[in-house]
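Here is what each chain is made of, one letter per residue.
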Amino acid sequence: MANFYKTKHRTQSFLLPPNMMDWLPEDDIVYFLIETVEALDLSAFERSLEKDSRGRPGLDPRIMAALLLYAYCQGERSSRKIEQLCVRDVAYRVVSAQLFPDHTSIARFRKEHGAALEDLFPKILLLCKNAGLAKLGRVALDGTKIKANAALDDNRTLSHLREEVKGWMSEAEATDREENRTGTDDGNRLPSALARKDERKSRIRKCLADLEAKAERLEREKEEKAEKRTEREETSGPLRGRKPKEAPVDPDTLKANTTDPESRIMKSRKEGYVQAYNAQIVVTEDQIIVGAEITQEANDQHQLLPMLEATRRTLKTAGMDETPREVVADTGYWNEAAIAKEKTETTEFFLNPFRKTRGRKRKEGGEPKKKPPTPFEEKMRSDRAREILKRRGAMVEGVFGQIKTVCGATRFMRRGLAACASEWKLICAAHNLLKLWRAVNKRRKEAISCLASASCPG
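Below, the structure is looked at part by part. (Residues numbered from 1 in each chain as written. Predicted model: local features only at pLDDT ≥ 70, side-chain atom pairs only at ≥ 80, totals over all residues. Heavy atoms only, no water.)

### Re the overall build of the protein
For the protein, the count of helices and strands is 16 helices and eight strands. Expressed as a percentage of the 458 residues in the protein, the buried residues total 40%. Considering only intrachain contacts with a sequence separation of at least 6, the fraction spanning at least 24 residues in the protein is 72%. Roughly 28300 Å² of accessible area belongs to the protein as shown, and the carbon and sulfur atoms make up 49% of that amount. (Helix = DSSP H or I, 4+ residues; strand = E, 2+ residues; numbered from the N terminus. Buried < 20%, exposed > 50% of the residue type's maximum accessible area, 1.4 Å probe, protein only. Contact = heavy atoms within 4.5 Å. Areas by Shrake-Rupley, 256 points an atom, 1.4 Å probe, with all protein chains shown as cover.)

### Some points on the pairing of strand β4 (residues 264–268)
In terms of strand pairing, β4 meets strand β5 (residues 272–284) through five bridges, oriented antiparallel. Its bridge partner being in β5, I265 is matched across the sheet by Q275. Hairpin geometry of β4 and β5 is characterised by an intervening segment of three residues between the two adjacent antiparallel strands. (Pairing = 2+ DSSP bridges.)

### What to know about unusual backbone geometry
Phi at A97 takes a positive value of approximately 55 degrees, unusual for a residue other than glycine. Owing to a relative accessible area of 34%, A97 belongs among the partly exposed residues under this scheme. With a phi close to 65 degrees, Q287 is a non-glycine residue in the positive phi region. Among the secondary structure elements, Q287 is positioned in the loop between β5 and β6 (289–295).

### Details of the environment of A66
Take A66: it is sitting in helix α3 (residues 61–73). Sequence-wise, A66 and T36 are 30 residues apart; in three dimensions their C-alpha atoms are separated by 8.8 Å. Not counting the four nearest positions on each side in its chain, A66 is found in contact with L33, V37 and V95.

### A few points about α3
An α-helix turns once every 3.6 residues. As a result, residues three or four positions apart point the same way. Taking 1.5 Å of rise per residue, the 13 residues of α3 would be expected to cover 18 Å, and the 18 Å separating its terminal C-alpha atoms lies within 8% of that figure. The element α3 is extensively covered by neighbouring structure, given that 12 of its 13 residues are classed as buried. Of the residues making up α3, those classed as buried are P61, I63, M64, A65, A66, L67, L68, L69, Y70, A71, Y72 and C73. Of the residues that open α3, the one with a side-chain oxygen 3.0 Å from the backbone nitrogen of R62 is D60. A positive phi of about 80 degrees marks G75, the residue just after α3. (Expected span 1.5 Å × (residues − 1). Polar contact = N/O pair within 3.5 Å; in protein donor to acceptor, adjacent residues only side chain to side chain.)

### So, the nonpolar core
In terms of nonpolar packing, the biggest core is built from 96 residues, with I281, I289 and W424 touching the most fellow members. With near-sequence residues (within four places) excluded, I289 lies in contact with F121, L125, I281, V282, V283, V399, I403, C428, H431 and N432. Core analysis: the second largest hydrophobic core is formed by five residues, L158, L161, C207 and L208 among them. (Core = buried A, V, L, I, M, F, W, Y, C linked by side-chain atoms within 4.5 Å.)

### With respect to empty space enclosed by the protein
In total, this model carries two cavities of 30 Å³ or more according to the counting rule given. Roughly 90 Å³ of volume is contained in the largest cavity. Around the largest cavity sit Y72, C73, G75, R77, Q402, I403, C407, A409, I427, A430, H431 and L434, which together line it. Residue assignment for the lining of the largest cavity shows that the elements contributing at least two residues are α3, α15 (383–406) and α16 (417–455). Residue contributions to the lining of the largest cavity peak at four residues, all from α16. Volume-wise, the second largest cavity comes out at about 30 Å³. Contributing to the lining of the second largest cavity are Y72, R110, L117, R414, S422, E423 and L426. (1 Å grid on protein atoms, 1.4 Å probe; cavity = no way out; pocket = protein on both sides within 12 Å on 5 of 7 lines; lining within 4 Å. Points joined across faces, edges and corners; volume = space filled by probe spheres on them.)

### What to know about the pairing of β6
Both faces of the sheet carry side chains from a regular strand, because those side chains alternate between them. Here β6 lies mainly inside the structure; seven of its seven residues are buried. Both β5 and β6 contribute to a ladder of six bridges, which runs antiparallel. Within β6, the residue paired with A279 across the bridge is I294. Joining the antiparallel neighbours β5 and β6 is a turn of four residues, in which Q287 adopts a positive phi near 65 degrees.

### Considering the packing of aromatic side chains
In total, this model carries four aromatic pairs according to the counting rule given. Ring geometry for F45 and F109: centres 5.7 Å apart, planes at 5 degrees, overall stacked. Here the residue F45 occupies a position in the loop between α1 (29–39) and α2 (49–52), and F109 occupies one in helix α6 (residues 103–112), the gap between them amounting to 64 residues. For F45, a relative accessible area of 2% puts it in the buried group. Its relative accessible area of 7% is what places F109 among the buried residues. When the ring of Y70 is compared with that of Y92, the centres are 5.0 Å apart and the planes differ by 75 degrees; the resulting orientation is edge-to-face. Of this pair, Y70 sits in helix α3 while Y92 sits in helix α5 (residues 90–95), and the two are 22 residues apart along the sequence. A relative accessible area of 4% places Y92 in the buried class. Lying across the ring of F350, K379 places its NZ or CZ 4.7 Å from the centre. (Phe/Tyr/Trp six-rings, centres within 6.5 Å; stacked < 30°, edge-to-face > 60°. Lys NZ or Arg CZ within 6 Å of the ring centre and 35° of its normal.)

### Considerations on the packing of helix α4 (residues 79–88) against α6
Direction vectors running N to C along α4 and α6 enclose 125 degrees, while the axes themselves pass 8 Å from each other. Comparing the axis directions of α4 and α6 gives the class oblique. Crossing handedness for the pair α4 and α6: right-handed. Judged by residue contacts, S79, R80, I82 and E83 of α4 engage H103, I106, A107 and R110 from α6. For the contact of α4 with α6, the residue count by class is three nonpolar, two polar and three charged. (Axes fitted to C-alpha atoms, helices over the stretch in contact; angles between N-to-C directions. Parallel < 35°, antiparallel > 145°, perpendicular 65-115°, else oblique. Left-handed = near helix turned anticlockwise from the far one by under 90°. Nonpolar A, V, L, I, M, F, W, Y, C, P; charged D, E, K, R; others polar.)

Structural data, given as C-alpha cells:
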C-alpha cells in the first residue's frame, strides 16, 4: 500500500507554540476582544479589600468579563458548555488564560456582577461611536419575543395558588399535631413540602402577591364601571361617550408562572403562545444598537416613549451628546398621545398610523363615515416618508436575525425582569462588539491592500 501521507506523532513535545498568544491568527477576534476589555474601565467588577483578604483568591474579573463577551459573541450562553469549551477549544483557552473556570464560577460571576455586565453596553457603544459607527441621524425601533427560562405549563391560576398555599398550611398543622402527640417536636423542622422546595415556595408567594394585586385592580375597575353604568341609566336625555364595558376577566382566572413570576404569556408569530419577555432595541443605520430594554407588555403600543428615554440614558452614560433626528417604527408603536407629547423640533417620527375601520353609517344610510386624515397621516403618505419606512426592515430585522438565528439567543438563561434585562444588554453589547470588530478588521485589510498596491512597481 502506498504510504504518501503527511502525519504527526501525538506524543511529540511542543506540538503547539509555547506562547499561547501565537495559537491563533493575529486578526482573530479573540485578540481584539482582549485588547478591548483591557481598555475598558472595569472597576465595578473589583471586589472589596475585605473579601480579597479572605479565603481562596477569586478569578480575575477582566478575564471572566472577556470570557463571557467572547462566549456571547459566539452564541454560547450556557455556563456548562462554556466550562467545557475552556478545556477543549483553543480560542476559549486563550480568552480564559487557561484558568479553566467551572460552570458554577461562571454562573455566579454572571449573577453577582449583573449590573456591571449591563454597564458594558454603553461602554462598548462609545467605542463604536469613536470608530464612526454609531451615527444617530436615523434610528429604527422594534421588539421581539424572547422566551423566558420557564415553561408555559408552569402557569397557575389565582384559585390554584390559594389552594396550594392552603394545603401547605394544612400539612403544617397536621405535622404540629402529630409532633405534639408523640412529643418529637424539636422546634426546627419544616413540613416536607416547604423544606424541599423553599425556593419554589418564595416564587409561589410572589405569584400569589402579584395576582392578588391584579385581582384588586380588576375589582376596582368593575366597581367604577358599575357606577358609570348606573349613572348612565339614571341620566335622562341623549348620552355622550361610549357605553362602559363589563369587566372581561374573572379575577380567579388570572395566571402567573411559578418558575419565573415576572415573565408573561405572549403570542409569537411562529410558535403561538409562549412564556416570554418583550425585548426592545433601537438601532442605527449601521445596525449598532443604541437602546435596549425588556418589558412585560406583549404589545408595543406603549413602548415608544420609554425606549426613547432608555436610549437617551444609554447615550448619556456613554458620554454621547447626540440625539436621533428621525425615529422609524412599525404600526404596532402607533400612539397618538405619545407622539403629540414627544413632538420636538429635533426628533421626527415615521410610522404608519393605526386606524380601525368603523362600520358606523350615516343617518340617511350611505357609505361608512370616514374621518378626514390628520396632518401626520398626510405626511406619512408622502414619497419621502414611504422611502424612509422602507429602510426600517433593513435596519432592525437583520439585527434580530443575527441575535436570534445566528447566535441562537431565543431564550434567556436567567430569571426575573432585572436579571433578563441585564442579560439582554449583554447580548446587545456582544452584537455591537462583533460589528465593531468586523469594521476594524475590514479597515485594516483595506489599509494593508493599499500599502501593498502602493509598493508594487507600476
